[in-house]
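Chain by chain, the residues:
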Amino acid sequence: MTSSIGQSIEMLCTEQGLDRDMVIEAMKEAVRAAARKQFRNQDKTGDSIQVDWNNEEGMIEISVQKTVVEEVENESAELSLADAIEMAGDEIEVGDMLLIPLPQEEMGRIAAQTAKQILVQKVREAIREKVYDEYIDRKGELINGTVKRFERGDMIVDLGNNLEAIVPKSEQSRGEMWNQGERIRVVIVDVSKDQRGQQIKGSRASSELLKRLFEMEVPEIYDDTVVIKSCVREPGDRAKIAVSSNEKDVDPVGACVGMKGSRVQAIIKELRGEKIDIIEWSEEPSVFAANALSPAKVSQVRITDLNNRQMEVIVGEDQLSLAIGKKGQNVRLAARLVGWDIKIVSEELLKKEITKQMGRMMASGEAVPITALEGVTTTQAETLAEKGIDDVEKLAATSVDDLVDFLDVSLDQAEAIISAAALIVEAKNAESEPEADEATESDETAESSEAAEETPAEETAEEVVEEPAEAESDDEPADEPIDVENAEETVEETADDAVVAEIDDAVADEKEAE
């Protein structure tokens, strides 16, 4: 323990930015712990040992505090009056407290090592506490650093001043590759007090990183002229950001894009090629959802459940793949951006479903007005009614030229109207055929059941008739054996006689005719 301790404290405070009094207190606690082990013969409990800092000499002073008594009962905390007078003079009285210096030379290597370990631990805790207090209020802030090393997939970033931040593998963008020594920007997502590892946790995959980058590149966002309402990312692939303007004269999307895309291109370059969709925010959920599905063009938005925040977005067949995106990415990001569950519905499939419903209504006998067809107005329906076309079937049977003359529409419009009507009629016929088949099947079933009922009676009658015949055959004697040769001759003679008779008849008829 020399006066160089003071110089070491000053150097430590300067390098780490620590408070000098805090470091001195940490040193006093470390020396006190070591002194308690070293001077157990002076104080078994160690409660009476005191450590003070001599600011003038820059040294640590160790002493033991004892009470002056007539008779000593506890040597660790008491001192006899005679010994006290010998040490401090005649002014000492019974009951006084006396600080007795302890020789620092007696503190050996083990005690010094103990003090060092405790001091290092205390200083380390003080540094971590200082880092926590400094950065806890900076969560979400963008900081610069240098890639220092990689540990099991995690990236360690050097922030300077012997301070490191960790970017876990889960907070890294899959489209980015970094090398040691490269400059990097990360956003602070968490600060911990843990005694092991890096305290500052950074991220390259957070949506806050995108917001901070826009704030740096777009002055209108920094001065609150343009406001970022929401932001979502799938790191490395695509991001969507919704912005609005507090001033009517400022276009929020144009301000973020910049002249010839200069502002947004700088951000895309920082994110290593990640695509960014900049969308204008709207208070109306349907409008916001239509904008969020950009670059797809939306035909219609229907809110299906307001309480559960669910909606259907209707798009054309040519826009369906754009609206859904690669592996559903576009609609997934849009749903997160808007905060609603979005269901993409094809316009063609919806039209087919409506056509089937109309056909079902016609098959059941309900009337479907012509105005239900797309492209037919009430005025046009009245005009058609005057021409005798008052239902969908008649409209489907109308020629294209007649419809053009009646309604004064283009040829394409007329073909579309007639085609829609024809589809409804086809749907009606499709619904009617199963009903007719069911009716036919029911009739056949009824006939077969009637036939089944009549069949047992006929069989009974036949049995009754066969029984007497069998009885008669039992009473008659058995026939004699038949002579096969005589039977054949008899048959031949009979056949010859019949032929001769027919020839004679023919000759007689000819004579009568003559």
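Residues numbered from 1 in each chain as written. Predicted model: local features only at pLDDT ≥ 70, side-chain atom pairs only at ≥ 80, totals over all residues. Heavy atoms only, no water.

## Side note on the sheet that holds strand β13 (residues 298-305)
Read across the sheet, three strands follow the order β13-β14-β15 without closing on themselves; strand pairing throughout is mixed. Both edges of this open sheet fall to β13 and β15 (341-346), since each of them pairs with a single strand only. On average, adjacent strands in this sheet sit at an angle of 25° to one another, irrespective of strand direction. Relative to β15, strand β14 (residues 310-315) is paired through six bridges, and the arrangement is parallel. Residue pairing across strands places glutamine 310 opposite aspartate 341, the latter belonging to β15. With respect to the sheet, helix α9 (residues 285-292) is in contact with β13, β14 and β15, its orientation differing from that of β13 by roughly 130°. Running over the sheet, helix α12 (residues 347-363) touches β13, β14 and β15 and is turned about 70° from β15. (Pairing = 2+ DSSP bridges. Helix = DSSP H or I, 4+ residues; strand = E, 2+ residues; numbered from the N terminus. Axes fitted to C-alpha atoms, helices over the stretch in contact; angles between N-to-C directions. Contact = heavy atoms within 4.5 Å.)

## Digging into the sheet that holds strand β7 (residues 163-167)
An order of β5-β6-β7-β9-β8 is seen for the five strands of this closed barrel, with the pairing classed as mixed. Direction aside, neighbouring strands of the sheet carry axes that sit 55° apart on average. Here strand β8 (residues 183-191) runs beside strand β9 (residues 200-203); their pairing, made up of four bridges, is antiparallel. Across the sheet, residue valine 187 finds its bridge partner in β9, namely serine 203. Helix-sheet contacts for helix α5 (residues 207-217) involve β5 (142-151), β8 and β9, and the interaxial angle to β8 is about 125°.

## So, the packing of aromatic side chains
Aromatic rings considered in pairs are described by the distance between their centres and by the relative angle of their planes. Evaluation of the coordinates by the stated rule reveals one aromatic pair. A ring pair is formed by tryptophan 281 and phenylalanine 288, whose centres lie 6.5 Å apart and whose planes are at 70°; its orientation type is edge-to-face. For tryptophan 281, a relative accessible area of 28% puts it in the partly exposed group. Geometry around tryptophan 178 places arginine 272 over its ring, the cationic atom sitting 4.0 Å from the centre. (Phe/Tyr/Trp six-rings, centres within 6.5 Å; stacked < 30°, edge-to-face > 60°. Buried < 20%, exposed > 50% of the residue type's maximum accessible area, 1.4 Å probe, protein only. Lys NZ or Arg CZ within 6 Å of the ring centre and 35° of its normal.)

## Regarding the pattern of salt bridges
In this structure the tally under the stated criterion is 19 salt bridges. Taking the shortest distance from any N to any O, the salt bridge between arginine 149 and glutamate 151 comes out at 2.7 Å. Under the relative-accessibility criterion, arginine 149 is labelled partly exposed at 25%. Across the salt bridge formed by lysine 240 and aspartate 277, the nearest N and O atoms sit 3.0 Å from each other. On the criterion of sequence distance, the pair formed by lysine 240 in strand β11 (residues 238-245) and aspartate 277 in strand β12 (residues 275-280) is long-range, its members being 37 residues apart. Taking relative accessible area as the criterion, lysine 240 reaches 0% and is therefore assigned buried. Taking relative accessible area as the criterion, aspartate 277 reaches 12% and is therefore assigned buried. Residues participating in the shared-partner salt-bridge network are Lys148, Arg149, Glu151 and Glu164. (Salt bridge = Lys/Arg side-chain N within 4 Å of Asp/Glu carboxyl O.)

## What about the packing of helix α13 (residues 378-386) against helix α15 (residues 400-407)?
Contact geometry for α13 and α15: axes closest at 10 Å, N-to-C directions at 115°. Crossing angle aside, the handedness with which α13 passes α15 is right-handed. On α15, the residues that touch Gln380, Thr383 and Leu384 of α13 are Leu403, Phe406 and Leu407. When grouped by side-chain class, the residues that make up the contact of α13 with α15 number four nonpolar, two polar and no charged. (Left-handed = near helix turned anticlockwise from the far one by under 90°. Nonpolar A, V, L, I, M, F, W, Y, C, P; charged D, E, K, R; others polar.)

## Quick notes on the packing of α9 against helix α11 (residues 329-338)
Between α9 and α11, whose axes approach to 9 Å, the crossing angle comes to 145°. In this structure, α9 crosses over α11, and the sense of that crossing is right-handed. Contact residues: α9 offers Pro285, Phe288, Ala289 and Ala292, while α11 offers Ala334, Leu337 and Val338. Here the residues of the contact of α9 with α11 sort into seven nonpolar, no polar and no charged.

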